[in-house]
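In case you want the letters, here they are:
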Amino acid sequence: MLKRLIIAACASAWTLTAVFAADLNIGLSADVTTFDPHFVAAQPNLTAQKHVFDTLVYVDERGRPIPGLATWKTTDSVTWEFTLRRGVKFHDGSELTTDDVLFSLDRTLNIKGSPGGYATYVRPIIAKEIVDRYTIRLKTAAPYGGVAQDLSEVQIVQKRAAQNATGEDFDSGRAAIGTGPYKLVRFARGSRIELARNDDYWRGRLPWEKVTLHILPSDPVRTAALLSGQLDAIEHVPTADLARLRKDPSLRLEQAVSWRTIFLHLDQYREHPPGVSGKDGKALERNPFKDARVRRALSKAINRRAIAERVMEGLALPAANVVSPSVFGHDPAVKPEPYDPKGARQLLAEAGYPDGFRVSIATPNNRYINDEQVAQTVAQMFSRIGIETRVDAMPLSAYFGRARKRDFGIALLGWGSLAADLALRSLAGTTNPEKGYGTWNWSGYSNPELDALIERSLATVDPRKRETIARQASALAAREMAFLPLHYQIVTWAMKKNLSYAARTDEFTFAHHFKPR
Amino acid sequence: MLSFILRRLVQSLLVLFVMSLLVFAGVYAIGNPVDILINPQADQAEIARATAALGLDLPLWRQYWNFLAGAVSGDLGRSFVSNAPALHLILERMPATLELALTATLIAVVLGIPLGLWAGLRPDTAVGRLIMGGSIIGFSLPSFWVGVMLIMVFSVELGWLPPTGRGETVTVMGIQLSILTWDGLRHIAMPAFNLALFELALLIRLTRAGTREALGQDYVRFARAKGVPMPRVLRVHVLKNILIPIVTVVGVEFGSVIAFAVVTETIFAWPGMGKLLIDSISVLDRPVIVAYLLIVVLLFVLINLIVDLAYTALDPRVRLAGRSA
Amino acid sequence: MAAGFARDRIAVAALAVLILVLLSAVFAPVVTPQNPYDLAQLDILDSKLPPGAKSLDGKSYWLGTDEQGRDMLSAILYGLRISLGVAVLATVAALAIGMAIGLLAGYAGGWTDGLVMRLVDLQLSFPAILIALVLLAVTGPGVDKIVIALIAVQWAYYARTVRGIVLVEKGKEYVEAARCLAFGNARILFRHILPNCLPPLTVVATVQVAHAIALEATLSFLGLGVPITSPSLGLLIANGFVHLLSGKYWISFFPGVALLITIVAINLIGDQLRDILNPRLGSHYGA
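Starting from 1, residues in each chain are numbered consecutively following that chain's sequence as written. Going through the entries in the order they are written, you letter the chains from A and number the ligands from 1. With the structure being a predicted model, the display of local features is reserved for residues of pLDDT at least 70 and the display and counting of side-chain atom pairs for 80 or more, all residues being used for whole-chain, interface and lining totals. Computation of side-chain values covers all heavy atoms of the structure but excludes hydrogens and water.

## A closer look at the interface of chain B and chain A
Thought 1: Residue contacts are counted whenever heavy atoms from the two residues lie within 4.5 Å of one another. Contacts between chain B and chain A engage 44 residues on the former and 53 residues on the latter.
Thought 2: Residue R189 of chain A pairs with E92 of chain B through a salt bridge whose shortest N-O separation is 3.5 Å.
Thought 3: Pairs of N or O atoms within 3.5 Å make up the polar contacts considered here, provided that, within protein, one atom can donate a hydrogen while the other can accept it, and that residues adjacent in sequence are counted only when both atoms are side-chain atoms. Seen at the junction of chain B and chain A, the total is eight residue pairs in polar contact (both at pLDDT 80 or more).
Thought 4: Where the side of chain B that touches chain A is concerned, the elements lending two or more residues are helix 2 (33-37), helix 3 (44-53), helix 5 (86-121), helix 7 (143-157), helix 8 (182-216) and helix 11 (273-282) of chain B.
Thought 5: Each helix is a run of DSSP H or I of at least 4 residues and each strand a run of E of at least 2, with the numbering of both proceeding from the N terminus. For the side of chain B that touches chain A, the element with the most residues is helix 3 of chain B, which contributes six residues.
Thought 6: Think of it as three bins: nonpolar holds Ala, Val, Leu, Ile, Met, Phe, Trp, Tyr, Cys and Pro, charged holds Asp, Glu, Lys and Arg, and polar takes everything else, Gly as well. Here the residues of the side of chain B that touches chain A are counted per class, giving 22 nonpolar, 12 polar and 10 charged. Definition used for salt bridges: Asp or Glu carboxyl oxygen within 4 Å of a side-chain nitrogen of Lys or Arg.

So, in structure tokens, the structure goes:
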């Protein structure tokens, strides 16, 4: 059956748009909503836009910042000096200068009707000073080590083209003048993006003359399009099709551990978390999740390997840290809790719940890979140790709003971050709106020791010292079970045999990183 | 006539008003789109700023008032996620949807009427019964499941047709059309047939019933007894008799076909406005949801109007009644 | 005559099938090998097994398993329960509401009638799916929400039917006679007019149940319907969609067959009822 399917799908003779050696057709998994690079900080948009626009700081395959349009140094703990490469040309031939950089940084804060996003990266910078044509000095209010990482998200537009430009101007390409490897030819919203090589690209000539990014959010469709030969490569190989693509001799896969960690938040601050009750439906005397033994029992009940292998079809690794292995601040000494249902029952009994209780896991059903399936499987596993578990799945549109209102006792969340201290600030820092701590800390977990570590780490400008402290914070959060990590996602690209791709932990798909073999 | 059109217009304005109010309040109650769109690293202050930038911090009635004020001048607001006017986004996708709906209607008419005639003329033959049985199944099949099965059979098993998407387009008078290219035809075949299925079943039943009724009429029996050849009887008497209900149903159903395109577009990844609606619902992009409804309601008013006019033109009795009234 | 008999035979067969479907849905907890909603009974290690495969502890999965290791046969029968339950509940509620409004409009006449009928006409000029979509978009998904949406799209059909009959019956002699005898309005309505409404309403309701099932399935397929942990047939089909290309057809195919059989049976019976009672009824777009 399978073999026949493969042959059939390959034979399915889609009219091939004449394939030249210098063309590259890539299938993307999510819609690109606009070509304005500062309108909304959404990864699908960034994926497409970063073909056209550059950033001061690049991020390498492992998620570490490296020099992009500029190199940088810190002159004191609050001053960052960025020096531009000389001779970098925009698509219209004019030279990139610090004027364009300053304009781009300011523009992120001044777009009408924007749901924001980029402001987060730019707001910590309180003063910007142009030293000369190639040097710009940025100052933060307090020592903050994340400046370089943050600027890897802010794309540099050309001041002349982008001044007074509307979203439509970017979409049409009029204002989409960058220094990136490709020029925007056509942005057909919801369908595809056509790009042409920038022959003056500062990093040298690229193999692909014409690149088309096809928007194919439906998983089976993306796979079918690759199998039919219509595409050269696809991103985010669906778990359901992985085995089949792996077997196909005309294709190859590239994989990396993603920066995204999937975990459960357990309400640890209220007396009566929503959805948690005795098996008779009556409220429990106290919140069981406040007891570390119960949290440990739940963690032991989860067969992380089974989730990774069965639900995720191998596209996941059991997790222990807040960030995945290659990311800044990951502590390799922290190991995933081994599967031990017997030990879990014992711990539950010790904590005073020999017969378990009743909980409900809330999960989005359209956000992370197989999210509701993962939640259901965890529910199966909790049920095995006597904790009656329901799953409350809903679309993202309803989920985040309700989670912010703290409507859930147990909630599933995925987090992609390039630094453990930044992730912990949002996820496990004591909620403090003024300081921006604990914005996503749905657990209500609060530990002054952890807060102090996060604060110290973020305020350390020297990357090596900062990582040491960030690791300590990661280890502490894991030890205390501020939340229960489930798995790190593995991200997969599938492509024709004659291509290679440097798989990236940050999940970005860049045509300029595909190489002929 | 004029007063009739005016009444329709007032009615539809009322519908638009009620619908927009409902959608406004409803989407507001579900959640804040900023929660979905915001950069995860953002702090509360940033979330509040973004909420204000989208005008979502205002009391609901103020937001609605602002919308109404804009709508009167033809501005339906900008999409929260696309940085483009909502109306523009809808109109951009409309040709794809209309193309799909028209092709589906064409398939239903071209197949449905002959099959219905056959079943009506020979109701007791095996073929006649087969056609009727088929129409019952076509009536009952949930269209999305048929879509799934079509993909499985024609794309996966047989490999004849591309599973999804819209084919190559050519620009005709500024509109992108895909039915004029071979690639486009191959892409539209499955979704259009899928979408046509229900109307096809409906037309078969309608034509069959109409044919049988006409054949039982005295004038038809008389004509046949007189020796008028069957093809002529069919053309002159039977078809004329069933034309009016068919035109009405095709017209009225065209609206349904457009609404149902939402499902078909989702299955076949057809880049039409129905798919845009589903996508917008999932990110709470309210301006686009409201704009979609507005356009669709207007489309419906237009369709109903055309159907009524066609009806008047085809049926002399209606015209007479209209004149005397 | 022969054709009539054949039709009868088909209708009888349809009735038998429907009764079987209803029985297996009602007694699903007794006849199924597994309770698919009890997560403790599922084992992820049994997931995605093909039809006929055996579980780790030796049970047979006749129709295979889904991605949670749920026995498809059990899931389909339980799903049938949900699909039928939602549709019947919504239809009965819509029937009651529509009937009440139709009776009121037809009996009261005047501006009440005008207003109600304007509303009915307006609603019927929009396809059911569109109205349901809008409602679910603003209320969010959920079983209760979908029931409300199905009621909202159905009531107008009943209101129109009932009102038409009331207008006809009102003019008849026995109602006039009852009026002359100074019977109360309520008595006239319930004793005399209502019984006349029941046959045509039965036909409309039968057809509407089929439409409601299909509509619920469609909405669930679009992700706007029932929750994943208690999937209806439509959601089962949607869940299997992603596995179709990899050849795991059974997750999507069998629930579809069950859905088809149920709807065809109901429609055939509806057709037969229509022929017997022969009211002039239009049909409408369901799904």
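What follows picks up the thread again.
## Here's the deal with the pairing of strand 12 (residues 210-215) of chain A
All names here are of chain A.
Thought 1: In terms of burial, strand 12 is a largely internal element, five of the six residues being buried.
Thought 2: As paired elements, strand 11 (residues 192-197) and strand 12 share five bridges and run antiparallel to each other. Note on strand 12: the bridge partner recorded for E194 is T212. Working definition: with a 1.4 Å probe on protein chains only, accessible area under 20% of the residue-type maximum means buried, over 50% means exposed, and in between means partly exposed. Two strands pair if DSSP finds at least two bridges between them.

## A closer look at the confidence of the model for chain B
All names here are of chain B.
Thought 1: Confidence scores here are pLDDT values: one per residue, from the predictor, ranging 0 to 100. Overall, the prediction assigns chain B a mean pLDDT of 83, with 96% of residues at 70 or greater.
Thought 2: Within chain B, no element has a lower average pLDDT than helix 13 (residues 316-324), which sits at 45, and none a higher one than helix 5, at 91.
Thought 3: Under a pLDDT of 50 for its full length, residues 319-325 has, in the predicted model, two contacts with residues more than four places off or in other chains.
Thought 4: For this predicted complex, the interface score ipTM comes out at 0.80, alongside a pTM of 0.85.

## Describing the domain arrangement of chain A
Residue and element names in this part refer to chain A.
Thought 1: Per the domain assignment, the segments of chain A are domain 1 (22-250 + 497-516) and domain 2 (259-489).
Thought 2: The domain boundaries here were taken from an automatic or database domain assignment. Once you take the C-alpha centre of each, domain 1 and domain 2 turn out to be 32 Å apart.
Thought 3: The quantity reported as buried area is the accessible area (1.4 Å probe) lost by two parts once they are put together, taken as the sum for both. Summing both sides of the interface, domain 1 and domain 2 together bury roughly 1,800 Å²; the carbon and sulfur share of this comes to 52%.
Thought 4: The three residues of domain 1 that bury the most area against domain 2 are R64, Q149 and T239, which together make up 31% of that side's buried surface.
Thought 5: Applying the counting criterion to the domain 1 and domain 2 interface returns one salt bridge.
Thought 6: Our count for the domain 1 to domain 2 interface comes out at nine residue pairs in polar contact (both at pLDDT 80 or more).
Thought 7: Here the residues of the side of domain 1 that touches domain 2 sort into seven nonpolar, nine polar and five charged.

## With respect to the interface of chain C and chain A
Thought 1: In this complex, chain C contributes 22 residues to the contact, which on the side of chain A involves 27 residues.
Thought 2: Summed over both sides, the interface between chain C and chain A buries roughly 2,200 Å², with carbon and sulfur atoms accounting for 54% of that surface.
Thought 3: On the chain C side of the interface with chain A, the three residues burying the most area are L39, I44 and L245 of chain C, jointly 29% of the side's total.
Thought 4: Taken together, the links from chain C to chain A amount to one salt bridge.
Thought 5: The residue K48 of chain C makes a salt bridge to E313 of chain A at a minimum N-O spacing of 2.3 Å.
Thought 6: Remark: the boundary between chain C and chain A carries 11 residue pairs in polar contact (both at pLDDT 80 or more).
Thought 7: A breakdown of the residues in the side of chain C that touches chain A according to their chemical character gives 11 nonpolar, seven polar and four charged.

## Some thoughts on the side chain of S474 of chain A
Residue and element names in this part refer to chain A.
Thought 1: Looking at the secondary structure, you find S474 in helix 17 (residues 463-480).
Thought 2: Judged by relative accessible area, S474 falls into the buried class, the value being 1%.
Thought 3: Among the polar contacts listed, one links the side chain of S474 to the backbone oxygen of G329, at a separation of 2.8 Å.
Thought 4: In contact with S474, other than residues within four places in its own chain, are N321, V322, G329, D331, A420 and L424.

## Some points on a nonpolar patch on the surface
Residue and element names in this part refer to chain C.
Thought 1: Within the patch definition used here, like charges are joined within 9 Å and nonpolar side chains (Val, Leu, Ile, Met, Phe, Trp, Tyr) within 5 Å, considering only residues with over 30% relative accessible area and no salt bridge. To be clear on the numbers: accessible area is Shrake-Rupley with a 1.4 Å probe, and residue cover counts the displayed protein chains and nothing else. A surface patch of nonpolar side chains, amounting to about 650 Å² of accessible area, comprises L15, I19, L23, V26, F27, V30 and V31.
Thought 2: For the nonpolar patch, the elements supplying multiple residues, two or more each, are helix 1 (2-26) and helix 2 (28-31).
Thought 3: The greatest single-element share of the nonpolar patch, amounting to four residues, is contributed by helix 1.
Thought 4: On the secondary structure map, F27 appears in the loop between helix 1 and helix 2.

## A word on the nonpolar core
Residue and element names in this part refer to chain A.
Thought 1: Ranked by internal contacts, the top residues of the largest apolar core, which has 323 residues, are F35, L56, F82, L151, I193, F357 and F382.
Thought 2: Two domains share this core, each providing at least three of its residues, namely domain 1 (22-250 + 497-516) and domain 2 (259-489).
Thought 3: For this analysis, a nonpolar core means a set of buried residues of the types Ala, Val, Leu, Ile, Met, Phe, Trp, Tyr and Cys, connected via side-chain atoms within 4.5 Å. Judged by nonpolar contacts, the second largest core, of 14 residues, contains L216, L226, L245 and A494.

## A closer look at the environment of G140 of chain C
Thought 1: Tracing the chain through its elements places G140 of chain C in the loop between helix 5 (128-139) and helix 6 (143-170).
Thought 2: For G140 of chain C, a relative accessible area of 11% corresponds to the buried category.
Thought 3: The spatial distance from the C-alpha of G140 of chain C to the C-alpha of L104 of chain C is 32 Å, given a sequence separation of 36 residues.
Thought 4: If we skip the residues at most four places from it in the chain, G140 of chain C touches I30 of chain B together with K145 of chain C.

## Re the sheet that holds strand 7 (residues 125-132) of chain A
Residues and elements named next belong to chain A.
Thought 1: Read across the open sheet, the four strands follow the order 5-6-8-7; overall the sheet is antiparallel. Each edge of the open sheet is held by one strand with a lone partner, namely strand 5 (70-76) and strand 7. For this sheet the average axis-to-axis angle between neighbouring strands, irrespective of direction, equals 20°.
Thought 2: Pairing analysis gives six bridges linking strand 5 to strand 6 (residues 79-84), with the strands arranged antiparallel. Counted as the bridge partner of T74 is W80 from strand 6.
Thought 3: Contacts from helix 3 (residues 98-107) reach strand 6, strand 7 and strand 8 (135-140) within the one sheet, and its direction differs from that of strand 7 by about 165°. To get an axis, fit a line to the C-alpha atoms, keeping to the stretch in contact for a helix; angles then go from 0 to 180 degrees between the N-to-C directions.

## Side note on the packing of aromatic side chains
Thought 1: For Phe, Tyr and Trp, rings pair up if their centres lie within 6.5 Å, where Trp contributes its six-membered ring, and each pair is then called stacked (planes under 30 degrees apart), edge-to-face (over 60) or tilted (otherwise). With the rule as written, the count across this model stands at 32 aromatic pairs over all chains.
Thought 2: Taken together, a centroid distance of 5.6 Å and an interplanar angle of 65° make the contact between F253 of chain C and F254 of chain C edge-to-face.
Thought 3: Given a relative accessible area of 28%, F253 of chain C falls into the partly exposed group.
Thought 4: Aromatic ring contacts, followed pair by pair, group Y399, F400, F408, W415, W440 and W442 of chain A into a single cluster.
Thought 5: Above the ring of W440 of chain A, the side-chain terminus of R404 of chain A is found at 4.7 Å from the ring centroid. In this analysis the charged atom, NZ for Lys or CZ for Arg, is taken to sit over a ring once it is within 6 Å of the ring centre and within 35 degrees of the ring normal.

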